[in-house]
Amino acid sequence: MQKTTFIIQKMDCAAEEQLIRLKLGRLPNIVSLQFDLAHRRLEVYHSGDYKPIHNEIDLLQLDATFKETTGTDDLARAGQDAAERVLLWQVLAINFFFFGLEVLAGFISHSMGLVGDSLDMLADSFVYGMALFAVGGTIAAKKNIARASGYFQIVLAVMGMTEVVRRFAGYDKVPAFATMIVISILALIGNTMSLYLLQKNKSCDAHMQASLIFTSNDVIINIGVIIAGALVYATNSRFPDLLAGTIIFFIVARGAYRILQLAK
């Protein structure tokens, strides 16, 4: 493993950082990028020769100069990878537990909002599981993981919208509003914990950013289902629940689009 340091004079904000990440993402031998915007420094952990990396950076015309290349056992990165694995196992356990709880409660209470949220939890569990395989891999591999997660979200969104349409057309059971509200509050607590853990990590890698996007969506969705439950109680109608299901799957589809853009 090599650590190559570049000084990039025109790299002074997040925009230039993202340009460099996107440019170097095509190189399969890069393991990690460490940015220091304040000192305009970039450290690239990689295998093989550094010159192809330098050539890619030069194409951006950011006034980059090579400083040094040194061998490294990458202990810092290994520690970061270990911390990411622990974090992902934690949020995976939280999401998979609430997937089981919500899908069961959703069918018992006849709530499309809870069923939709449970499928979103399942998608998140898939994302975290896939992200575990990406930890320690190359940037290109991490983007492939994020891309697969985005496509999986799209499939779930289409399945969910199909069920919402079917219920709008002929399903007339009013869902149990109390179950909707209680289960969604519990899920909101779980997702808030996951979001806190992910934000503490502060990783800019695509697979971790995908996890953060999905969990942020979950918090919004939980609040929406709680509101839908209150409206079901106020109107004694199934339509607030179906509307919540529609919005949930729209959010899922939008999150999938953001992930696919991130993974380009």
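Before any of the text, the structure's been laid out above.
Since the structure is predicted, the reported quantities are computational estimates derived from the model, not experimental observations.

**Here we look at the overall build of the protein**
- Counting its regular elements, the protein contains eight helices and four strands.
- When the helices and strands of the protein are placed in sequence order, the string is β-α-β-β-α-β-α-α-α-α-α-α.
- For the protein, with 264 residues in total, the buried portion stands at 48%.
- When contacts within the protein are restricted to residue pairs at least 6 apart in sequence, long-range pairs at least 24 apart make up 79% of them.
- As displayed, the protein has an accessible area near 12200 Å², and 66% of this comes from carbon and sulfur atoms.

**Things to note about the environment of Y50**
- Topologically, Y50 is positioned in the loop between β3 (41–46) and α2 (51–58).
- In this structure the C-alpha to C-alpha distance between Y50 and T5, which are 45 residues apart in sequence, comes to 9.6 Å.
- Apart from the residues within four sequence positions on either side, Y50 is in contact with T4, F6, F66 and T69.

**Thoughts on the nonpolar core**
- Residues I8, I20, L24, L42, I53 and I57 are the most contacted members of the largest nonpolar core, which totals 15 residues.
- At the level of secondary structure, the elements contributing two or more residues to this core comprise β1 (2–8), α1 (14–24), β2 (30–36), β3 and α2.
- Counting residues per element, this core draws most heavily on β2, at three residues.
- Those residues in contact with I53, other than ones at most four positions away along the chain, are F6, L24, L27, N29, I30, V44 and H46.
- Judged by nonpolar contacts, the second largest core, of 13 residues, contains L114, A157, M180 and I221.

**Topic: the sheet that holds β2**
- Ordered in space as β2-β3-β1-β4, the four strands form an open sheet in which the pairing is antiparallel. With partners counted over all chains shown, the strands left at the sheet margins are β2 and β4 (64–71), one partner each. Along the sheet, successive strands turn relative to each other by an average axial angle of 20°, direction set aside.
- Relative to β3, β2 runs antiparallel, the two sharing six bridges. Each residue of the ladder has a partner; that of D36, found in β3, is R41.
- Set on the sheet, α2 makes contact with β1, β2, β3 and β4; between it and β4 the angle comes to about 160°.

The rules we used
- Residues numbered from 1 in each chain as written.
- Predicted model: local features only at pLDDT ≥ 70, side-chain atom pairs only at ≥ 80, totals over all residues.
- Heavy atoms only, no water.
- Helix = DSSP H or I, 4+ residues; strand = E, 2+ residues; numbered from the N terminus.
- Buried < 20%, exposed > 50% of the residue type's maximum accessible area, 1.4 Å probe, protein only.
- Contact = heavy atoms within 4.5 Å.
- Areas by Shrake-Rupley, 256 points an atom, 1.4 Å probe, with all protein chains shown as cover.
- Core = buried A, V, L, I, M, F, W, Y, C linked by side-chain atoms within 4.5 Å.
- Pairing = 2+ DSSP bridges.
- Axes fitted to C-alpha atoms, helices over the stretch in contact; angles between N-to-C directions.

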